[in-house]
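The residues making up each chain are set out below.
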Amino acid sequence: MKKMIRKWMALLLAMTLLLSLAACGNEEEGTVLRVCLGGAQETLDPIKTASDDNATILYHLYENLLRQRSEGVGEVTLDYAVCSAYTEMDNYDGTITYSFVISPAAKWSDGKAVTAEDFVYSWRRLLLSDSPNRELLAMIQGYEEALESGDAGKLAVSVTEDGMLQVTLSYHCPYFLTAVCAGAATMPVRQDVVERSGESFGTTPESLVTNGAYVLEDWAKFDALQLVRNPASESHRGPDRLQFIFERSRETAYERFQAGELDYIAYLPDEAIEKLKQEEEWVPTPAGMTEAILFNRSETFDDFSMRKIFTLGADVDALAQCLMPADQIATGLVPYGIRESDGEDFRTVGGALLDLQAKSYEERCGEAKALLRQRETLPGEVELIYIADEVREAQVQALLTGWQDQLGIRVRLSPLTEQDMALRLEADDYDMAWVTVRASYADGSVFLESGSNGLEEAIAEDDVEYSRLMSVLRGALDPLARDNYLHAAEKMTFEEYSILPLIFKGTTQQRRDGVRSVGYDGLGRYLFHEVSFAK
């Protein structure tokens, strides 16, 4: 009986919150923004950030040392947040030391001051967690030693006598300020709050004390989340309330948007995007992701000609017919939307490194067959592992048909769960693997040296030249020279046919008339701090 009462109480809470969302959206003052994201959120613990939707919410609950701000035209720039000033000093041994002044105006939602100790605790906590986000700290001196020993004190993050946060990097890292000092996973949390809440930290409103522009007011776990202005924050210029509504069905979300129940929808259904594509000026928003096939160079694909044969034999024309409406065939490894040091688009500058559609599929297959005839032995069955879903299945079948029917190579498809896929990649147990490379920070290097995606291992195994180039890149002080190294590294992957990029992922969103100044970081995360409403 008690279980039944709890179920009815939970249902009543969800219905009450949803009804309040609909009512608030019609306030004349226009200080409520109703945003529809994807699926429900399991946690609001920064170190467990696992999706763009999750990061979007965290950006409004927490403040890092720096913050991303909208300039009113969609793009974002860095600004001071908890940090009111910082210095950067090059050391004689090649390391770089940053010193951050913590603003006395920075407060937690319970009125206590945010301190440098909060950042030291939070970053050490991230380091010792099993979260893949801990790799964001890899540029900090002592990272490897701390991981190996389990002693987070070896990480070069400390508090000075005058209360500043001091961080020493092993090498010059141009994305340190954006990825770490303004990132979601490295947001500060308070030690006493985490320890008091235990395992429940980040999963209930009661377990959270935050320092951002908003505080969590209510959370109907699988339906909606409501934020209100943080009275302790001075960084607020946007709506009085933010209501994040969760809806996995894009069709249902779009119906609610059209009915006036939502002000902003982050993901449109295919039919709506197809209509937008008819507009001459419409272009998809880059999502900072590339889908690609990794070739395991330890066995079948240790041979250069086999990697080239499978690349030429990939029927990207058939694949193009299976794309989501906002996606496009990849022409490189680094997708559109990633900026160089001077603000130019990396992909636009680098051009098309792999343009399989420049030749007909018949021509490409002719080249692949010629290479096959030159081989003394033909490959046996080759396995392709991938994470199973309906769209991916159709795309995989498009490539399978070409490899088997045109080239006569037997390919075994192995659809896996995300967990099993991760285990196979970690064990290096695959011939080919269809992976999604996500930009956790806005820099081309994440697509060229990300160990979490298996890329550096696939590219650089026994490749001294590539390894040397990446080492030089990490130590480059001149931003323009570093950009050139990145382009050279990407070009080298194509000369070796180490990876077969397939799809640049895109996204698109829609807002109701009058909603202005929504920020977008180019990686799938949205900022609503400075949203205004036209009268």
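A short tour of the structure in this document, coming up. Source: prediction; values computed, not measured. (Residues numbered from 1 in each chain as written. Predicted model: local features only at pLDDT ≥ 70, side-chain atom pairs only at ≥ 80, totals over all residues. Heavy atoms only, no water.)

Topic: the overall build of the chain
Here's step 1: If you tally the helices and strands in the chain, you get 17 helices and 22 strands.
Here's step 2: Looking at the chain residue by residue over its 535 residues, the buried ones come to 53%.
Here's step 3: Accessible area for the chain stands at about 24500 Å²; split by element, carbon and sulfur atoms hold 49% of it. (Helix = DSSP H or I, 4+ residues; strand = E, 2+ residues; numbered from the N terminus. Buried < 20%, exposed > 50% of the residue type's maximum accessible area, 1.4 Å probe, protein only. Areas by Shrake-Rupley, 256 points an atom, 1.4 Å probe, with all protein chains shown as cover.)

A look at the sheet that holds strand S6 (residues 157-159)
Here's step 1: Here four strands make up an open sheet; going across it, the order is S4-S5-S7-S6 and the pairing antiparallel. Only two strands of the sheet have a single neighbouring strand rather than two, namely strand S4 (83-90) and S6. Mean inter-strand twist for the sheet, computed between neighbouring axes without regard to direction, equals 20°.
Here's step 2: As paired elements, S6 and strand S7 (residues 165-169) share three bridges and run antiparallel to each other. Considered in S7, the bridge of Ser158 is made with Gln166. (Pairing = 2+ DSSP bridges. Axes fitted to C-alpha atoms, helices over the stretch in contact; angles between N-to-C directions.)

A look at the pattern of salt bridges
Here's step 1: For the coordinates displayed, the defined rule picks out 25 salt bridges.
Here's step 2: The closest approach of N and O atoms between Glu490 and Arg347, which form a salt bridge, is 2.7 Å. Of this pair, Glu490 sits in helix H17 (residues 479-495) while Arg347 sits in helix H11 (residues 346-350), and the two are 143 residues apart along the sequence. Comparing Glu490 with Arg347 shows no difference in burial state: the two are buried.
Here's step 3: A salt bridge links Glu383 to Arg412, with the shortest nitrogen-to-oxygen separation between them at 3.4 Å. Linking Glu383 in strand S14 (residues 382-387) with Arg412 in strand S15 (residues 411-416), this pair joins segments that are 29 residues apart in sequence.
Here's step 4: The partly exposed category is assigned to Arg412, whose relative accessible area is 39%. (Salt bridge = Lys/Arg side-chain N within 4 Å of Asp/Glu carboxyl O.)

Description of the sheet that holds strand S8 (residues 214-220)
Here's step 1: Taken in spatial order, the six strands make up an open sheet running S8-S9-S10-S1-S11-S18, and their pairing is mixed. Strands at the two margins of the open sheet, each flanked by one partner only, are S8 and strand S18 (510-511).
Here's step 2: Where strand S11 (residues 264-265) and S18 come together, two bridges link them in antiparallel fashion. Within S18, the residue paired with Ile265 across the bridge is Gln510.
Here's step 3: Of the strands in this sheet, strand S1 (32-37), S8, strand S9 (224-229) and strand S10 (241-246) are in contact with helix H2 (residues 52-61), which crosses S10 at around 165°. (Contact = heavy atoms within 4.5 Å.)

A closer look at the pairing of S14
Here's step 1: The buried fraction of S14 is high, at five of six residues.
Here's step 2: Relative to S15, S14 runs parallel, the two sharing six bridges. When the bridges of S15 are listed, Ile385 appears paired with Ser414.
Here's step 3: The parallel pair S14 and S15, bridged by helix H13 (residues 390-407), forms a crossover whose chirality is right-handed.
Here's step 4: Across two bridges, S14 lies against strand S16 (residues 432-438) in parallel orientation. The partner of Leu384 across the bridge, within S16, is Met432. (Right-handed = clockwise from strand over helix to strand, strands pointing away.)

Observations regarding unusual backbone geometry
Here's step 1: For Tyr497, which is not a glycine, the phi torsion comes out positive at approximately 50°.
Here's step 2: Relative to the helices and strands, Tyr497 resides in the loop between H17 and strand S17 (499-507).
Here's step 3: With a relative accessible area of 19%, Tyr497 lands in the buried category.
Here's step 4: Here the phi dihedral of Ser517 falls at roughly 65°; this positive angle occurs in a residue that is not glycine.
Here's step 5: Along the chain, the position of Ser517 falls in the loop between strand S19 (515-516) and strand S20 (519-520).

Digging into the packing of helix H12 (residues 361-374) against H13
Here's step 1: At a closest axis distance of 11 Å, the pairing of H12 and H13 adopts a crossing angle of 60°. In terms of orientation, H12 and H13 fall into the oblique class. Seen from above, H12 lies across H13 with right-handed handedness. Residues Tyr361, Cys365, Ala368, Lys369 and Leu372 of H12 form the contact with H13, whose participating residues are Gly402, Trp403, Gln406 and Leu407.
Here's step 2: Residue classes in the contact of H12 with H13 are distributed as six nonpolar, two polar and one charged. (Parallel < 35°, antiparallel > 145°, perpendicular 65-115°, else oblique. Left-handed = near helix turned anticlockwise from the far one by under 90°. Nonpolar A, V, L, I, M, F, W, Y, C, P; charged D, E, K, R; others polar.)

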